[in-house]
Amino acid sequence: MPDYRKHFAALVTPQRQKARADQARNSAGGYTFALDDWARLDRWLILGAEGGTYYTSERKLTVENARAVEACLAADGPRAVRRIVEISRSGRAPKNAPAIFALAIAAGDVKLETRRAALAALPDVCRTGTDLFHFARDVQGFRKWGRGLRSAVAAWYNGKPIDRLVYQVIKYQQRDGFSHRDLLRLAHPVAPSPEHDALYRWIVGGVEALARESSRGKALSPEALPGLVRGFESLRAATNRKQVAALIAQHHFTHEMLQTEWKNDPAVWEALLPHMPQTALLRNLGKMTAVGLLAPMSDASRKVARQLTDAARLSAARVHPIAVLSALRVYEQGHGELARRRQNALSWTPVREVVDALNEAFYLAFQAVEPTGKKHLLALDISGSMTSGQIAGVPGLTPRVASAAMAMATARLEREYSVVGFSAAAGGYGGKWGGGASSLLPLSISPKQRLDDVLRSVKDLPFGGTDCALPMIWATRNRVEVDSFVIYTDNETWAGDVHPFQALREYRQVMGRPARLIVVGMTSTGFSIADPSDPGMLDVVGFDGAAPQVMADFTRGDA
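Thresholds applied
Numbering of residues starts from 1 in every chain and runs along the sequence as written. Whole-chain, interface and lining totals are the exception, using all residues; otherwise, since this is a predicted model, local features are given only for residues with pLDDT of at least 70 and side-chain atom pairs are given and counted only at 80 or more. The side-chain values count all of the structure's non-hydrogen atoms but skip hydrogen atoms and water molecules. Labels follow the DSSP assignment, with helices taken as runs of H or I lasting at least four residues and strands as runs of E lasting at least two, numbered in each case from the N terminus. Between the first and last residue of a helix there are one fewer steps than residues, each counted as 1.5 Å, and that sum is the expected span. To sort residues, take the accessible area from a 1.4 Å probe on protein chains only and compare it with the maximum for the residue type: under 20% means buried, over 50% means exposed, and anything in between is partly exposed. Whenever a carboxyl oxygen of Asp or Glu lies within 4 Å of a side-chain nitrogen of Lys or Arg, that contact is scored as a salt bridge. Any two strands between which DSSP finds at least two bridges are classified as paired. Structural elements are reduced to axes, namely lines fitted to C-alpha atoms, with helices fitted over the stretch in contact, and the angle between N-to-C directions of any two is expressed from 0 to 180 degrees. Each angle is binned into one of four classes, with values under 35 degrees roughly parallel, values over 145 roughly antiparallel, values of 65 to 115 roughly perpendicular, and all other values oblique. Between two residues, a contact is recorded if the distance between any of their heavy atoms is within 4.5 Å. Residues were grouped as follows: Ala, Val, Leu, Ile, Met, Phe, Trp, Tyr, Cys and Pro as nonpolar; Asp, Glu, Lys and Arg as charged; and all remaining residues, including Gly, as polar. Aromatic pairing here means that ring centres of Phe, Tyr or Trp (its six-membered ring) are within 6.5 Å. Orientation follows from the plane angle: under 30 degrees is stacked, over 60 is edge-to-face, and everything else is tilted. By convention a crossover is right-handed if, when the strands point away from the viewer, the path from the first strand over the helix to the second runs clockwise. Note on terminology: a nonpolar core comprises buried Ala, Val, Leu, Ile, Met, Phe, Trp, Tyr and Cys residues joined through side-chain atoms within 4.5 Å. Less than a right angle of anticlockwise turn of the near helix away from the far helix marks a crossing as left-handed, whereas a clockwise turn marks it as right-handed.

Novice: Give me the lowdown on helix H20 (residues 399–413), citing residues and values where you can.
Specialist: With 15 residues, H20 ought to run about 21 Å at 1.5 Å a step, and its terminal C-alpha atoms sit 22 Å apart, in line with that. Within H20, 13 of the 15 residues are buried, leaving the element largely enclosed by the surrounding structure.

Novice: Quick one: what's the story with the pattern of salt bridges, residue by residue and with numbers?
Specialist: Tallying each qualifying case throughout the model produces 26 salt bridges. The residue Glu-86 makes a salt bridge to Arg-83 at a minimum N-O spacing of 2.9 Å. Taken as a pair, Glu-86 and Arg-83 lie in helix H2 (residues 58–90) at a separation of three residues, close to a single helical turn. The residue Lys-375 makes a salt bridge to Glu-481 at a minimum N-O spacing of 2.6 Å. Taken as a pair, Lys-375 in the loop between helix H19 (352–364) and strand E5 (376–381) and Glu-481 in the loop between helix H22 (470–477) and strand E8 (484–489) lie far apart in primary sequence, 106 residues in all. One salt-bridge network, in which partners are shared between bridges, spans Lys-375, Glu-481, Asp-483 and Arg-513.

Novice: Describe the sheet that holds strand E1 (residues 23–25), and please don't skip the residues or the numbers.
Specialist: Here we have three strands laid out as an open sheet, ordered E1-E2-E10, and antiparallel in their pairing. For this open sheet the edge positions go to E1 and strand E10 (527–528), each flanked by a neighbour on one side alone. One ladder, built from three bridges, connects E1 with strand E2 (residues 31–34); its direction is antiparallel. For Gln-23, the partnering residue across the bridge sits in E2 and is Phe-33.

Novice: Describe the packing of helix H16 (residues 299–308) against H19, naming the residues involved and giving the relevant values.
Specialist: Packing of H16 against H19 brings their axes to within 9 Å, and their N-to-C directions diverge by 5°. Overall, the two elements H16 and H19 adopt an arrangement that is roughly parallel. In this structure, H16 uses Val-304, Ala-305 and Leu-308 to contact H19, whose residues at the interface are Glu-353, Val-354, Ala-357, Leu-358 and Ala-361. Tallied by class, residues from the contact of H16 with H19 come to seven nonpolar, no polar and one charged.

Novice: For the packing of aromatic side chains, give the residues involved together with the corresponding values.
Specialist: Counted according to the given criterion, the structure contains eleven aromatic pairs. When the ring of Tyr-331 is compared with that of Trp-348, the centres are 6.1 Å apart and the planes differ by 20°; the resulting orientation is stacked. Of the two residues, Tyr-331 sits in helix H18 (residues 321–333) while Trp-348 sits in the loop between H18 and H19, which places them 17 residues apart along the sequence. Exposure remark for Tyr-331: the relative accessible area of 1% places this residue in the buried category.

Novice: Can you explain the sheet that holds E5? Please cite residues and give values.
Specialist: One open sheet holds the six strands; their spatial order is E7-E6-E5-E8-E9-E11, and the pairing between them is mixed. Of all strands in the sheet, those bounded by a partner on one side alone are strand E7 (439–442) and strand E11 (537–541). Taken over all neighbouring pairs, the strand axes of this sheet differ in orientation by 25° on average, direction set aside. Where E8 meets strand E9 (residues 516–521), six bridges bridge the pair, whose relative direction is parallel. Pairing of Val-486 across the sheet is with Ile-518, part of E9. The sheet contacts of helix H24 (residues 547–556) involve E5, E8, E9 and E11, and relative to E9 the element is tilted by about 165°.

Novice: Hey, could you go over the pairing of E8 for me, with residue numbers and the actual values?
Specialist: Of all six residues making up E8, six are buried, and the element is well covered by its neighbours. Traced from E8 through helix H23 (residues 500–511) to E9, the parallel crossover comes out right-handed.

Novice: Tell me about unusual backbone geometry, and please be specific about residues and values.
Specialist: Of note in the backbone geometry, Arg-479 takes a positive phi value of approximately 50° without being a glycine. Here Arg-479 lies in the loop between H22 and E8. By relative accessible area, Arg-479 is classed as exposed at 53%. Even without a glycine there, the phi angle at Phe-543 is positive, about 60°. Locating Phe-543 in the fold gives a position in the loop between E11 and H24. The exposure class assigned to Phe-543 is buried, which follows from its relative accessible area of 0%.

Novice: I'd like to hear about the nonpolar core, residue by residue, with values.
Specialist: Within the largest apolar cluster, 145 residues are counted, with the highest numbers of intra-cluster contacts made by Phe-135, Leu-285, Leu-358 and Phe-543. It is H2 that provides the largest number of residues to this core, a total of ten residues. Within the second largest apolar cluster, 27 residues are counted, among which are Leu-470, Val-482, Phe-501 and Met-511.

Novice: Account for the packing of helix H3 (residues 97–107) against helix H6 (residues 129–139), naming residues and giving values.
Specialist: Each packed pair of helices is defined by two parameters, the angle between the axes and the distance between the axes. Running from N to C, H3 and H6 point in directions that differ by 45°, and their axes come no closer than 9 Å. As summarised for this structure, H3 and H6 are arranged oblique, according to the angle between their axes. Considering how the two elements wind past one another, H3 and H6 form a crossing that is right-handed. Only Asp-131, His-134, Phe-135, Asp-138 and Val-139 of H6 make contact with H3, whose side of the interface consists of Ile-100, Phe-101, Leu-103, Ala-104 and Ala-107. Along the lines of polarity and charge, the residues of the contact of H3 with H6 split into seven nonpolar, one polar and two charged.

As structure tokens, this is what we get:
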């Protein structure tokens, strides 16, 4: 008698075939569920598309996500703009660039109400001078410099209190082919105060411009400039380290405001350190070590370690875990990512106290989350496709390495958990060309381990094809009690003989447990293995700063 089940079945379906009419073919040739445009908007805003993925180039992935942004704008422009603002302001994304790009698309939308909403949101999304320069570059791909855009840029300058505006102007002076002088000449803002008027004149023409009458006012003395600008002029004229250090202490200047010749002086960096912003601290650890300020058992190293692990400072600065992870990877290797390609490139010998502090700061950068007391199976997709691409454009931070870091954040929180890696072809070639037997590998990852050790341990694991059903199949066969399966994946599953949602259904029936499935999407593709019709499944965005709290609430049944 023929076995027709091998051609069509509701309980078990090969992943290269549709199990349900609402599934879509992913980039690897398997069938998963397509994200709706709003979910894909979130993934784009948080993950971006730098480096592309194993299957999709950066260009193609950007175009696909831009189309999703356009679809959301077409459906409800103001709602889409509100979402862009919400994720940008919350600090949930490693980088602000995707939000700026999405806002630029909205600013060129065909609907007037959407354009107005986008331009009104400019100060909320573009909070720094660099953000504004990025926007000015991006928006030119979607519209001309009309009255509305000029007014929005003028409002960006006029709407800031003078002290905050001065800080932005002298810290972020030019980027992406734009300077503040360029933007002021495009926007022609009418200064809302005498201080703004003096500042605008200085930006466009320097101190000399103050002495000239203009169509907008009479000549001004240098004393009309805000004190920080006068101090900055003194900083540029300083001739010795004592003067520079004194001006830094008085005005809290940042390293971006210094002349290049002072950036190799340890005494200058020591003067910068007490008031250095947390993000700047992370970016300049290598430089401060190279110039000799940070050394083993030094006072400066102890001070830096305290600042790095100050939870209040991390929270106030909205430091994203990716920023800490990137700093750890770069600092620990003793040189920048491009250092080997350049002669006389910056290099240093890492200081133990700083490396230890970065390991701890990674976990502190996630919002404080209460343990759930539930049993977690943390399943890392170690297939070939997870070794390609970059999270948030950080060189070397592949989805595989990043997923291990995210899993460690949960392992640090929960008492009952197990960590496994899964691949459809251990030792194979990876991706859709993987071969051999499906396998699941228990990983001896402990929260007592240093984060850098964990990342090294997963980097060189064998890999193959993708079968996201393996964690549920393994747990069913071995009768492992699980409350939440947490699968970190790019959702490019294709290699299994059963779909992940079918494997979860089988686990629930066999074990008699209402197990939940959390899918942590590590790339900004439009797919998920989470069944949108199952309230026991949740799709979250990898390295969303809010993900641990959302995952904990879902596991407890609060969401």
